[in-house]
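Chain by chain, the residues:
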Amino acid sequence: QVHLVESGGGLVQPGGSLRLTCAASGSIFSINGVVWHREATGKGREWVAAFTSGGATNYAYSVKGRFDISIDNAQNTIYLQMNNLKPAATGVYYCSAEIRASVVSRTRSYWGQGTQVTVSS
C-alpha cells in the first residue's frame, strides 16, 4: 500500500548538477526517516544522505558540502540536490524510508526502484 518512486537521474557532465526526487504514495501516517543510497558498478551499496524524523541531516564525507537532502511533508516527497558532480558519483540511487501507514500500524521500511545517475564527459 506504500510505494516509493525515484526520478530525476540521467547523464550529466562533471561539475554539473541534478536533483533527484523520491515520491511516496499510498497510506502514510508519518515518515520517520529517509536515506538516499548509491550502488555503483563493482562496488557495494553505501548511504550518501539521511534525513531523520527529528529533522537532522547527515551526509557521507565524500558528498558533504555538495549534496543536500530535503523533504516536502505536504507532498510526501524527498529530494536530493546534487551539485558539483564528480564521476565517482555515478551509480544507481535508491531512496528508503521508514513509514508508519496509520496510527495503529508499526513503522516498516520501503525502498524505491532506483534511478541511474551517470557523471561523464
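Everything below is about the structure printed above this text.
Conventions adopted
- All chains use their own residue numbering, which begins from 1 and follows the written sequence.
- Local features in this predicted model are restricted to residues whose pLDDT is 70 or higher, and side-chain atom pairs enter the listing and the counts only when it is 80 or higher, whereas totals over whole chains, interfaces and linings include all residues.
- Just so you know, side-chain values use all the structure's heavy atoms and leave hydrogens and water out.
- The rule for pairing is simple: two strands pair if DSSP sees at least two bridges between them.
- Elements are defined by DSSP. Helices are runs of H or I of four residues or more, strands are runs of E of two residues or more, and each kind is numbered from the N terminus.
- A side-chain nitrogen of Lys or Arg and a carboxyl oxygen of Asp or Glu constitute a salt bridge if their distance falls within 4 Å.
- Using a 1.4 Å probe on the protein chains alone, a residue whose accessible area is under 20% of its type maximum counts as buried, one over 50% counts as exposed, and one in between counts as partly exposed.

S.K.: Can you break down the pairing of strand β3 (residues 18–26) residue by residue, with the values?
M.R.: For strand β1 (residues 2–7) and β3, the ladder comprises six bridges, and the chain directions are antiparallel. By the bridge assignment, valine 2 is partnered in β3 with glycine 26. Sheet topology note: the β3/strand β8 (residues 77–82) ladder contains six bridges and is antiparallel. Bridged to leucine 20 within β8 is leucine 80.

S.K.: If you had to explain the pattern of salt bridges to someone new, which residues and values would you point to?
M.R.: Under the defined criterion, the tally for this structure stands at two salt bridges. Two residues, glutamate 39 and arginine 45, come together in a salt bridge whose shortest N-O distance is 3.1 Å. The partly exposed category is assigned to glutamate 39, whose relative accessible area is 30%. Under the relative-accessibility criterion, arginine 45 is labelled partly exposed at 44%.

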